[in-house]
Amino acid sequence: MEIEAVGTMRTCFPEKFGIPRQSGLAPLARGVLRFSPSNPPAVWRDAMRGLEGFTHAWTTFVFHQALQDGWKSLVRPPRLGGKEKMGVWATRSPHRPNFLGLSLLEIESIDFDEPSILFRGVDLLDGTPVLDIRPYHPDHDLPKSASRDGWIAHAPQPRALVDWSPQALEEIPTAAARTVPGMPAYDTHEVRALVESLVSLDPRPGHLRGGTGDWAMRLLGFDVKFRMDSDRATILSLE
Ligand code: SAH
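Given the structure is predicted, the values throughout are model-derived calculations rather than measurements.

Parameters at a glance
Residues numbered from 1 in each chain as written. Predicted model: local features only at pLDDT ≥ 70, side-chain atom pairs only at ≥ 80, totals over all residues. Heavy atoms only, no water. Salt bridge = Lys/Arg side-chain N within 4 Å of Asp/Glu carboxyl O. Helix = DSSP H or I, 4+ residues; strand = E, 2+ residues; numbered from the N terminus. Buried < 20%, exposed > 50% of the residue type's maximum accessible area, 1.4 Å probe, protein only. Contact = heavy atoms within 4.5 Å. Near = heavy atom within 4 Å. Polar contact = N/O pair within 3.5 Å; in protein donor to acceptor, adjacent residues only side chain to side chain. Pairing = 2+ DSSP bridges.

Caption draft 1: How the structure looks around the pattern of salt bridges. Taken as a whole and assessed by the stated rule, the structure comprises 12 salt bridges. Residue Glu 108 pairs with Arg 30 through a salt bridge whose shortest N-O separation is 2.9 Å. Placement of Glu 108 in strand 6 (residues 100–111) and of Arg 30 in strand 2 (residues 30–35) is noted, with a sequence separation of 78 residues between them. By relative accessible area, Glu 108 is classed as partly exposed at 32%. Residue Lys 225 pairs with Glu 239 through a salt bridge whose shortest N-O separation is 3.0 Å. Remark: Glu 239 occurs in the segment after strand 12 (232–238) and Lys 225 occurs in strand 11 (residues 222–229); sequence separation between them is 14 residues. Lys 225 gets classed as partly exposed once you look at its relative accessible area, which sits at 31%. Salt bridges here are not isolated pairs; linked through shared partners, they connect Arg 30, Glu 108, Arg 120 and Glu 190.

Caption draft 2: How the structure looks around the side chain of Ser 36. Along the chain, Ser 36 falls in the loop between strand 2 and helix 1 (41–48). On the basis of relative accessibility, which here comes to 14%, the residue Ser 36 falls in the buried class. If sequence neighbours within four positions are ignored, Ser 36 has contacts with Glu 4, Ala 5, Val 6, Gly 7 and Trp 44.

Caption draft 3: Structural detail: the site of the ligand. Around the ligand, the structure places 19 residues, and the nearest of them are Gln 22, His 64, Arg 92, Leu 102 and Asp 123. Within the backbone of Pro 20, one N or O atom sits 2.9 Å away from an oxygen atom of the ligand. Contacts to the ligand include Gln 65, whose backbone N or O atom sits 3.0 Å from a nitrogen atom. The element contributing the most residues to the shell around the ligand is strand 6, with three residues.

Caption draft 4: The arrangement of the pairing of strand 3 (residues 56–62) in detail. In terms of burial, strand 3 is largely enclosed, as five of its seven residues are buried. Where strand 3 and strand 6 come together, seven bridges link them in antiparallel fashion. Note on strand 6: the bridge partner recorded for Thr 60 is Leu 102. Where strand 3 lies against strand 8 (residues 128–135), five bridges are found, and the strand directions are antiparallel. From the neighbouring strand, Thr 59 faces strand 8, where its bridge partner is Ile 133.

The following block contains the structure:
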């Protein structure tokens, strides 16, 4: 069996640290899917016909930056503070058999000329190879009998309260002006909301939650530096 990517996703996340651990958690996290030259643009245009009628799409992709680490049958989900182990099939860990990712992404717009698809709420690294796109169908994909959510029920998504330093607030316009080739521009309001939502998800490794320390994540064309103190965060600078 050989699988070929249909395209590559350009996203606002040049590095793994700070990427939300699930799709939809940071709605302003954008990704642009551009298609592979293995087929002429007209073929991809045809493949998208009708997709504009849907708000969300399932996207399957390869966790290409996890391949080198291999996978294990037991993983430590960050949501459990890195203390407890779960079977890989009870988790969304990138380190899984076949390294296949599955994200439910919001379709912001479709460009039939280029062609490309702009998504929101991505949890994908920049450059991720995409395998397939399918429309989200609420009637079928949200079963009424889904009543158990296993260990997740007892492991709520961490949330930090976020403050901005005066310096970081001043740096928002400069950060917003640093456009990244191939990515749509972010205005100042969007940069502010995106940074705030990512930091509020407390991206630290599970076992370091609760402590105090300074962290940095790379986003679009700038670095976000922030201080974590238990469940409070201060955004220090956008450099
Ligand atoms: N919604 C997907 C992904 C969940 S894991 C699923 O359920 O399959 C999300 C994490 O995967 C992110 O926080 C990021 O750290 C990691 N990730 C995203 N893209 C990746 C890639 N191309 N290679 C390796 N890891 C990646």
